[in-house]
2 protein chains.
Amino acid sequence: MENGHAKNLVAVIGSGNWGSVASRLIASNTAKLPSFHDEVRMWVFEEILPTGKKLSESINQANENCKYLPGIKLGANVIADPDLENAVKDANMLVFVTPHQFVEGICKKLVGKLRPGTEGISLIKGMEVKMEGPCMISKLITNILGINCCVLMGANIANEIAVEKFSEATIGYKKDKEVATRWAKLFTTPYFLVSVVEDIEGVELCGTLKNVVAIAAGLVDGLDMGNNTKAAIMRIGLREMRAFSKLLSPTVRDNTFFESCGVADLITTCLGGRNRRVAEAFARNGGKRSFDELEAEMLHGQKLQGVSTAKEVYEVLTYRGWQELFPLLSTVHEICIGQLPPTSIVEYRIH
Amino acid sequence: MENGHAKNLVAVIGSGNWGSVASRLIASNTAKLPSFHDEVRMWVFEEILPTGKKLSESINQANENCKYLPGIKLGANVIADPDLENAVKDANMLVFVTPHQFVEGICKKLVGKLRPGTEGISLIKGMEVKMEGPCMISKLITNILGINCCVLMGANIANEIAVEKFSEATIGYKKDKEVATRWAKLFTTPYFLVSVVEDIEGVELCGTLKNVVAIAAGLVDGLDMGNNTKAAIMRIGLREMRAFSKLLSPTVRDNTFFESCGVADLITTCLGGRNRRVAEAFARNGGKRSFDELEAEMLHGQKLQGVSTAKEVYEVLTYRGWQELFPLLSTVHEICIGQLPPTSIVEYRIH
């Protein structure tokens, strides 16, 4: 397959904001590259729109996801399909880009339905950091489906990539560089540069841990501490992300944190993003209104990734006796649960 | 001296904004630490204030630098002295914090006037990157005065540190860790954390090269490209800073770029700062008004560090045939001189 003997067929599992943008990126390449079939099938979790129309039909008629990416043509070769099994039929390259809580259920439905030699890639941020170790989503996919699975992470605000603003991403792979390079070819455009690194754990951990640092950055914003302090907190956060990742997975590489998935995604998330925003509001209220309350008010039902990840990380730190090594990660959780005031975010000893 | 047999005496050479803040930080520690004399002498380049009073006298009367750090008490143990030779008399620890163009002249005046065993530290950003190699300011001081000289760099906006907002800095040293640690002790406070790294070249190069990246970040702001693109450009900039530093000085360490002098100072400079600001205006004007013109209008006579450093770096890159390895650093210069449009800042090939 990879040698050009047969064409690769790509299916995208997920059609939210990022899923739609990913399909658009991919379709622009499959239309041009001879080693790929033009058509990209995009599995849609079916919804009935306010007009009474089905989302999948609307996408296929307008070539546009009017709910999650309005105003952007996806490319004529993107075909929405609400039937999961049919969407992946004959595909040998599967892109997973659903909310993280749905991955397991979706994979279970696909057991026994995939072509031999199928490759996967996960664009899903939000793995859980459990006591037993990190539950990487790429690993979950591999375990259930028995397929190799890479990850793609980075400073990727879907709406900005949709309008072709310059951006980058990082693909993490386990061993097979040829497959990672094939994925990179599928995603790369002149405005979306993709690099590959042999560090799947590091890349995937970045995508989750950055949200805890974004809470810290938001607190600094809410305390009106200025750019100097914010930069210091982001730096300490980046170092703790790196050190924590290396303790969890000794194969994690320093260099990964210089990639888009590391420092760039951290910067984007600490400048914008909902974790930063709600944490800013939390600090402005002097910690008197809980994160739960602010989330409900500001995010309309969505949950803050950073708060739950901070809790998971804290459990690991206390269980393993690592708390003193990670003052920032620990402090974020203790502030989130009201044990420390927001101002504690800038009270450190050197480490 | 370092073993406590005699007390260290500190003199600060320079009394601008950062010099005044540095004196204040240092004086808060010498007043407490038994291994230092309380008194900190601060050399003042004498000026006559609009009131007719001398700046040095005004500082000593008000314990405040009304011109460069108004409203902040320096500490009763800071003594302003307009006589350079007298200011450094008996001192064995000299802090250099003048504008970079004055260092050479000041050092020449001090030849033969220093105690044996005197140690120096440079807080001066703005070394030149010459064809023959980088002209490090620490090295200039060492060459003229024959003293060991460390550097202190980092995300240090003087006015924010003056009001004790949390910040960090990095001390780079050549070999003598004991001396570096003594400097760290002199600067560290609960709101100003200082780490030491054995990489003087890397630390000092960071303080200069970041200004070129800040120009790039400002262009992205002026083009309204969004946080995603800005983060990508900052990341590419950080990587090129690192790669360029390592080519210039093979002893430069990757880890230095994770320190305050690296990623944190870069973030601060790309979020605020005059290089970013003028570059933003340049892009908003579509490159039709030159940097010289905008500088004159926006900075009232001050020159943009980033523009001249970009030119120096470009000369090195073309001379050594490294241009293709450093697309961002090269592109910044070509945009500055009007050879490329501002939009070129986001047109890259993977490297």
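Sequence order sets the numbering: in each chain, residues are counted from 1 along the sequence as written. Chain letters start at A and ligand numbers start at 1, both assigned in the order the entries are written. Local features in this predicted model are restricted to residues whose pLDDT is 70 or higher, and side-chain atom pairs enter the listing and the counts only when it is 80 or higher, whereas totals over whole chains, interfaces and linings include all residues. Each side-chain value is worked out from all heavy atoms of the structure, with water and hydrogens disregarded.

Some points on the interface of chain B and chain A
Listed per partner, the contact involves 44 residues of chain B and 44 residues of chain A. What counts as buried area is the accessible surface, traced by a 1.4 Å probe, that two parts surrender upon association, with contributions from both included. Carbon and sulfur atoms supply 60% of the area that chain B and chain A bury against each other, a total of about 3800 Å² over both sides. Taken as a group, Phe166, Asn228 and Phe258 of chain B account for 22% of the area that chain B buries against chain A, more than any other trio of residues on that side. Every case where a carboxyl oxygen of Asp or Glu lies within 4 Å of a side-chain nitrogen of Lys or Arg is listed as a salt bridge. Seen at the junction of chain B and chain A, the total is six salt bridges. Of the charged contacts in the structure, one is a salt bridge between Arg235 of chain B and Glu168 of chain A, with a shortest N-O distance of 2.6 Å. As used in this structure description, the phrase polar contact means that two N or O atoms lie within 3.5 Å; if the pair is within protein, one of them must be able to donate a hydrogen and the other to accept it, and residues adjacent in sequence are counted only when both atoms belong to side chains. Linking chain B with chain A are 18 residue pairs in polar contact (both at pLDDT 80 or more). Helix numbers and strand numbers start at the N terminus; a helix is a DSSP run of H or I with at least 4 residues, a strand a run of E with at least 2. Among the secondary structure elements, those contributing two or more residues to the side of chain B that touches chain A are helix H6 (158-162), strand S9 (167-172), strand S10 (192-197), helix H9 (227-248) and helix H10 (260-271) of chain B. Top element by residues in the side of chain B that touches chain A is H9 of chain B. It accounts for twelve residues. When grouped by side-chain class, the residues that make up the side of chain B that touches chain A number 23 nonpolar, eleven polar and ten charged. Note on contacts: a residue pair qualifies if any of its non-hydrogen atoms lie within 4.5 Å across the two residues. Gly is put with the polar residues, along with every residue not named as nonpolar or charged; the nonpolar set is Ala, Val, Leu, Ile, Met, Phe, Trp, Tyr, Cys and Pro, and the charged set is Asp, Glu, Lys and Arg.

Some points on the relation of the copies chain B and chain A
Overlaying chain B on chain A yields an RMSD of 0.0 Å, the required transformation being a rotation through 180° with an accompanying axial translation of 0.0 Å. Expressed as a symmetry operation, the mapping of one chain copy onto the other fits a two-fold axis. A shared binding surface is used by both copies, with 100% of the interface residues of chain B retained as interface residues in chain A. The copies were overlaid with a least-squares fit restricted to C-alpha atoms from residues scoring a pLDDT of at least 70 in each copy.

Observations regarding the sheet that holds strand S2 (residues 36-43) of chain B
Residues and elements named next belong to chain B. A strand pair is defined by DSSP finding two or more bridges across the two strands. Reading across from one edge, S3-S2-S1-S4-S5-S8-S9-S10 is the order of the eight strands in this open sheet, with mixed pairing throughout. Edge positions in the sheet fall to strand S3 (78-81) and S10, since each of these pairs with one other strand and no more. For this sheet the average axis-to-axis angle between neighbouring strands, irrespective of direction, equals 25°. With six bridges joining them, S9 and S10 adopt parallel strand pairing. Pairing of Ala169 across the sheet is with Val194, part of S10. The angle between two axes is taken between their N-to-C directions and runs from 0 to 180 degrees, where each axis is a line fitted to C-alpha atoms and a helix contributes only its stretch in contact. Each of strand S1 (8-13), S2, S3, strand S4 (93-96), strand S8 (148-153) and S10 is contacted by helix H1 (residues 17-30), which is oriented at about 170° to S2, the strand it contacts most. In the packing of helix H5 (residues 137-145) onto the sheet, the strands contacted are S4, strand S5 (119-122) and S8, and the crossing angle to S8 comes to about 160°.

Considerations on the confidence of the model for chain A
As a per-residue measure, pLDDT tells how confident the predictor is, with possible values from 0 to 100. In this model, chain A carries an average pLDDT of 94, and 98% of its residues clear a pLDDT of 70 or more. Confidence estimates for the predicted assembly give a pTM of 0.93 and an ipTM of 0.93.

Structural notes on the domain arrangement of chain A
All names here are of chain A. Along its sequence, chain A is carved into domain 1 (8-198) and domain 2 (202-346). The gap between the C-alpha centroids of domain 1 and domain 2 is 27 Å. Tallying the contact residues gives 24 residues for domain 1 and 23 residues for domain 2. For the pair domain 1 and domain 2, the summed buried surface comes to about 2000 Å²; carbon and sulfur atoms form 63% of the total. Across the domain 1-domain 2 interface, the total number found is one salt bridge. The partner of Lys125 in a salt bridge is Asp265, and the shortest N-O contact between them spans 3.0 Å. Each domain's limits were defined by an automated method or a database of domain assignments.

Some points on the pairing of S4 of chain B
Residues and elements named next belong to chain B. Working definition: with a 1.4 Å probe on protein chains only, accessible area under 20% of the residue-type maximum means buried, over 50% means exposed, and in between means partly exposed. Burial along S4 is two-sided: Met93 and Val95 and Leu94 and Phe96, pointing in opposite directions, are all buried. With four bridges connecting them, S4 and S5 associate as parallel partners. In the sheet register, Phe96 faces S5, and the bridge partner there is Ser122. Handedness of the crossover joining S4 and S5 through helix H4 (residues 103-110) is recorded here as right-handed. The crossover handedness rule: strands pointing away from the viewer, path from first strand over the helix to second strand clockwise, crossover right-handed.

Quick look at helix H13 (residues 305-320) of chain B
Residue and element names in this part refer to chain B. Given the number of residues in a helix, its expected span is that number minus one, multiplied by 1.5 Å. In this model H13 runs 23 Å from its N-terminal to its C-terminal C-alpha over 16 residues, within 8% of the 22 Å that 1.5 Å per residue would give. Residues of H13 that are buried: Gln305, Gly306, Val307, Thr309, Ala310, Glu312, Val313, Tyr314, Val316 and Leu317. Packing partners of the buried residues in H13 comprise strand S6 (128-130), helix H8 (200-222), H9, helix H11 (274-284), helix H12 (291-299) and helix H14 (327-336). Two residues or fewer past H13, Gly321 is found with a positive phi of approximately 75°.

Focus on the UniProt feature "binding site: substrate" (unreviewed entry) in chain A
All names here are of chain A. UniProt positions are given in the numbering used here, feature names are shortened, and annotations may be inferred rather than shown by experiment. UniProt records the feature "binding site: substrate" (unreviewed entry) for Lys125, Arg274 and Asn275 in the present numbering. Spatial clustering of the annotated residues is evident: they stretch over 151 residues in sequence, but the largest pairwise C-alpha distance comes to 14.2 Å. With respect to the secondary-structure elements, Lys125 resides in the loop between strand S5 (119-122) and strand S6 (128-130). Only 2.8 Å separates the side chain of Lys125 from the backbone oxygen of Gly154, close enough to count as a polar contact.

Structural notes on the sheet that holds strand S1 (residues 8-13) of chain A
Residue and element names in this part refer to chain A. Spatially, eight strands are ordered S3-S2-S1-S4-S5-S8-S9-S10 in an open sheet, and the strand pairing comes out mixed. Each edge of the open sheet is held by one strand with a lone partner, namely strand S3 (78-81) and strand S10 (192-197). The average undirected angle you get between the axes of adjacent strands in this sheet is 25°. Together, S1, strand S2 (36-43), S3, strand S4 (93-96), strand S8 (148-153) and S10 form the strand contacts of helix H1 (residues 17-30), whose direction differs from that of S2 by roughly 170°.

Some thoughts on the packing of aromatic side chains
Remark: the centre distance and the inter-plane angle together describe each pair of aromatic rings, the angle taken between the planes. For this analysis, a ring pair means two rings from Phe, Tyr or Trp (six-membered ring only for Trp) whose centres lie within 6.5 Å, classed as stacked if their planes differ by under 30 degrees, edge-to-face if by over 60, and tilted for the remaining angles. Using the criterion set out here, one finds 13 aromatic pairs over all chains in the structure. Ring centres of Phe244 of chain A and Phe326 of chain A lie 5.6 Å apart, and the angle between their planes is 85°; this geometry places the pair in the edge-to-face category. Residue Phe244 of chain A is located in helix H9 (residues 227-248), and its partner Phe326 of chain A is located in the loop between helix H13 (305-320) and helix H14 (327-336); the two are separated by 82 residues in the primary sequence. A relative accessible area of 0% means that Phe244 of chain A is categorised as buried. On the basis of relative accessible area, Phe326 of chain A is assigned to the buried category, the value being 1%. Geometrically, the ring pair formed by Phe244 of chain B and Trp322 of chain B is edge-to-face, given 6.4 Å between the ring centres and 85° between the ring planes. With Phe244 of chain B in helix H9 and Trp322 of chain B in the loop between H13 and H14, this residue pair connects regions lying 78 residues apart in the sequence. By the burial criterion, Phe244 of chain B is buried, and Trp322 of chain B matches it. One aromatic cluster in this structure is built from Phe244, Trp322 and Phe326 of chain A. Put simply, a charge is over a ring when the Lys NZ or the Arg CZ is close to the ring centre, within 6 Å, and near the line of the ring normal, within 35 degrees. Cation over ring: Arg242 of chain A sits above Phe258 of chain B, and NZ or CZ is 4.2 Å from the ring centre.

Examining the nonpolar core
Counting residues in hydrophobic clusters, the biggest one holds 174 residues, and the most contacted among them are Phe96 and Phe244 of chain A together with Phe96 and Phe244 of chain B. Filtering out sequence-adjacent residues up to four positions away, Phe96 of chain B remains in contact with Ile13, Cys107, Leu110, Gly120, Ile121, Ser122, Leu123, Ile124, Ile141, Leu145 and Ile147 of chain B. By nonpolar core is meant a set of buried Ala, Val, Leu, Ile, Met, Phe, Trp, Tyr and Cys residues that side-chain atoms within 4.5 Å join together.

Quick look at the side chain of Asn77 of chain A
Residues and elements named next belong to chain A. Of note, Asn77 is situated in the loop between helix H2 (55-62) and S3. Take Asn77: its relative accessible area is 15%, and that puts it in the buried class. At 3.3 Å, the side chain of Asn77 forms a polar contact with the side chain of Thr30. Discounting residues that sit within four places of it in the chain, Asn77 has contacts with Ala27, Thr30, Ala31, Asp38, Glu39 and Val40.

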